[in-house]
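Single-letter residue listing:
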Amino acid sequence: MNTQGFGALRPHSATRPTIRLVLAALMASLVALGLSGTVAAPANALQAQTATRTATASAAETYEARVQRIVNRRRASHGLPRLRLAACADGTAENWSRYLAANNQFFHQPMTTVLNACGARYAGETLGRGSMAPRKLVRMWMNSPGHRAVLLSSKSRRIGIGATPDAYGRWVVAANFIRF
């Protein structure tokens, strides 16, 4: 380890006992802190979990909103109407995204699930998974003939988007396109 830029002790023979004493004191402090902080740890852990969930939910909402905005820009550039958010399509997309992320799976749900749950007469779905920005995700959909067809379908009027990070930190995204 190069310590020259940090003003740290240089490894001279006279300072080695000092370093050992400092390290021993540091270790003793860490052990003492660990033993005295055991009562408060569960409350702190719960607060940390709650804060992480809140941050993740907020990041997912932002990610989803950006995907919707970019999808609508792409549709507009092809003369198609923008898609408005539908609570039902959003709920089915959120649930499917969470399921795929939690189970480390990646496949389309039956569209009859979305049709029946939402009382829709048209349903389509696009999926994506990876550590990528919304712009790249939509670009990938546009470069895939099947996804492009769903994204640019003139039958769609509403959209719902679910984005959930999986155990590897990748976004698992489900976008459900419907028409009532």
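These remarks concern the structure in this document. (Residues numbered from 1 in each chain as written. Predicted model: local features only at pLDDT ≥ 70, side-chain atom pairs only at ≥ 80, totals over all residues. Heavy atoms only, no water.)

## Brief notes about the overall build of the protein chain
At step 1: Across its full length, the protein chain carries six helices and four strands.
At step 2: The order of helices and strands in the protein chain, counted from the N terminus, is α-α-β-α-α-β-α-α-β-β.
At step 3: The buried share among the 180 residues of the protein chain stands at 34%.
At step 4: For the protein chain, contacts bridging at least 24 residues in sequence account for 67% of all contacts bridging at least 6.
At step 5: Per element, the accessible surface of the protein chain, about 11000 Å² overall, is 60% carbon and sulfur. (Helix = DSSP H or I, 4+ residues; strand = E, 2+ residues; numbered from the N terminus. Buried < 20%, exposed > 50% of the residue type's maximum accessible area, 1.4 Å probe, protein only. Contact = heavy atoms within 4.5 Å. Areas by Shrake-Rupley, 256 points an atom, 1.4 Å probe, with all protein chains shown as cover.)

## Structural notes on the pairing of strand S2 (residues 122-130)
At step 1: Of all nine residues making up S2, eight are buried, and the element is well covered by its neighbours.
At step 2: Judged from the nine bridges that link them, S2 and strand S4 (residues 171-179) form a sheet pairing that is antiparallel. Note that in S4 the partner of arginine 129 across the bridge is valine 172. (Pairing = 2+ DSSP bridges.)

## A closer look at the packing of helix H3 (residues 87-102) against helix H4 (residues 111-118)
At step 1: At a closest axis distance of 9 Å, the pairing of H3 and H4 adopts a crossing angle of 145 degrees. As H3 packs across H4, the resulting crossing turns out to be right-handed. Within the contact between the two elements, H3 uses Cys88, Ala89 and Thr92 and H4 uses Val114, Ala117 and Cys118. (Axes fitted to C-alpha atoms, helices over the stretch in contact; angles between N-to-C directions. Left-handed = near helix turned anticlockwise from the far one by under 90°.)

## Description of the side chain of threonine 164
At step 1: With respect to the helices and strands, threonine 164 occurs in strand S3 (residues 158-165).
At step 2: In contact with threonine 164, not counting residues within four places along its chain, are Ser97, Arg98, Ala101, Arg170, Trp171 and Val172.

## Some remarks on the packing of aromatic side chains
At step 1: Here the structure, examined in full by the defined rule, presents three aromatic pairs.
At step 2: On the numbers, 5.2 Å between centres and 20 degrees between planes, the contact of tryptophan 96 with tyrosine 99 is stacked. On the criterion of helical spacing, the pair formed by tryptophan 96 and tyrosine 99 is a turn pair, its members being three residues apart in helix H3.
At step 3: Judged by relative accessible area, which is 13%, tryptophan 96 ranks as buried.
At step 4: Taking relative accessible area as the criterion, tyrosine 99 reaches 36% and is therefore assigned partly exposed.
At step 5: Ring pairing ties together the aromatic residues Trp96, Tyr99 and Phe107, which thus form one cluster. (Phe/Tyr/Trp six-rings, centres within 6.5 Å; stacked < 30°, edge-to-face > 60°.)

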